[in-house]
Amino acid sequence: MDWGKTLAPYKQAVEELKVKLKGIRSEYERESSNSPIEFVTGRVKPIPSIIEKARERQIPLENLDKLQDIAGIRVVCQFVDDIYPIVEMLRKRSDFQIIEEKDYVFHKKDSGYRSYHMIIEYPVETVRGQIIVLAEIQIRTLAMNFWATNEHSLNYKYEGKLPSEVKLRLQKAAEAAFKLDEEMSKIRSEIHEAQRVFHRKS
């Protein structure tokens, strides 16, 4: 398989989506001092991870277009209350089509994982014409992102077989992170005012 050729549309989709979402962040900042988007990242899944996931899902490598998360975009915000306005904003866009949504924010996974997932069909213009690729957009808070990043590292270390004690501690940490998110949401007006004061003084 020519991986360079296969993954090129996904890389293009990630780069284009990053530019568009960062542009939205800049637009929010121009129109008001508070943007619901803190930062945007994106990646194409590494080849070994693609092969492993295809094997788990029993998907032949020639049918990789059935995998939903080869192209991944992450939109990170400060507050839980920012997640759903971002979701609504994305629903109104006409440059891609949402085909599936998964709310793991208030319907967390057993592991404690929280995030909002959108699976989209994104059109990529190439020299051979338009190609529709699947991409996953994850929307989460800074605290959720911190937890998920560390949980991913631990899963990699233990090859997906986390000891029960580590699983329990991760679940407790996830709940602590969500309580922090909820508390910060309650005092967000104070935080925003403090940020405005800081920006005026700097």
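Parameters at a glance
Residues numbered from 1 in each chain as written. Predicted model: local features only at pLDDT ≥ 70, side-chain atom pairs only at ≥ 80, totals over all residues. Heavy atoms only, no water. Core = buried A, V, L, I, M, F, W, Y, C linked by side-chain atoms within 4.5 Å. Buried < 20%, exposed > 50% of the residue type's maximum accessible area, 1.4 Å probe, protein only. Helix = DSSP H or I, 4+ residues; strand = E, 2+ residues; numbered from the N terminus. Contact = heavy atoms within 4.5 Å. 1 Å grid on protein atoms, 1.4 Å probe; cavity = no way out; pocket = protein on both sides within 12 Å on 5 of 7 lines; lining within 4 Å. Points joined across faces, edges and corners; volume = space filled by probe spheres on them. Nonpolar A, V, L, I, M, F, W, Y, C, P; charged D, E, K, R; others polar. Pairing = 2+ DSSP bridges. Phe/Tyr/Trp six-rings, centres within 6.5 Å; stacked < 30°, edge-to-face > 60°. Lys NZ or Arg CZ within 6 Å of the ring centre and 35° of its normal. Polar contact = N/O pair within 3.5 Å; in protein donor to acceptor, adjacent residues only side chain to side chain.

(A) Just the nonpolar core, in detail. Counting residues in each nonpolar core, the largest one holds 40 residues, and the members touching the most others are Leu90, Ile137 and Ile139. The element best represented in this core is helix α1 (residues 3-31), accounting for eight residues. If we ignore the near neighbours within four places in the chain, the residues touching isoleucine 137 are Ile73, Val75, Leu90, Phe96, Tyr116, His117, Met118 and Ile120.

(B) View of the layout of surface pockets. Volume-wise, the largest pocket comes out at about 1,400 Å³. In this structure, the largest pocket is lined by 35 residues; those nearest its centre are Arg43, Lys45, Lys53, Asp69 and His152. Of all the elements in the fold, those that place two or more residues in the lining of the largest pocket are β1 (39-44), α2 (47-56), β2 (71-77), β4 (116-126), β5 (129-141) and α4 (142-157). When the residues that make up the lining of the largest pocket are grouped by side-chain class, the tally is eight nonpolar, 13 polar and 14 charged.

(C) Summary view of the pairing of β4. Across six bridges, the pairing between strand β3 (residues 97-103) and β4 is antiparallel. Its bridge partner lying in β4, aspartate 103 is registered against tyrosine 116.

(D) Quick look at the packing of aromatic side chains. According to the stated counting rule, one finds four aromatic pairs in the structure shown. Residues tyrosine 84 and tyrosine 116 carry aromatic rings whose centres are separated by 5.7 Å and whose planes lie at 85° to one another, so their mutual orientation is edge-to-face. One end of the pair, tyrosine 84, is in helix α3 (residues 83-91); the other, tyrosine 116, is in strand β4, and 32 residues separate them in sequence. Relative accessible area serves as the criterion here: at 28%, tyrosine 84 is assigned to the partly exposed category. On the basis of an interplanar angle of 80° and a centroid distance of 5.7 Å, the ring pair of phenylalanine 106 and phenylalanine 178 is categorised as edge-to-face. Highlighted residues: phenylalanine 106 in the loop between β3 and β4 and phenylalanine 178 in helix α5 (residues 164-186), separated in sequence by 72 residues. Taken together, the aromatic side chains of Tyr84, Phe106, Tyr116 and Phe178 make up a single cluster linked through ring pairs. For the cation-ring pair, lysine 109 lies above tyrosine 113, with the distance from its terminal atom to the ring centre recorded as 5.1 Å. Lying across the ring of phenylalanine 178, arginine 114 places its NZ or CZ 3.7 Å from the centre.

(E) Inspection of the side chain of glutamine 138 at higher detail. Residue position: glutamine 138 is located in strand β5. Classification of glutamine 138 by relative accessible area gives buried; the value is 11%. Looking at glutamine 138, its side chain comes within polar contact range of the side chain of glutamate 136, at 3.0 Å.

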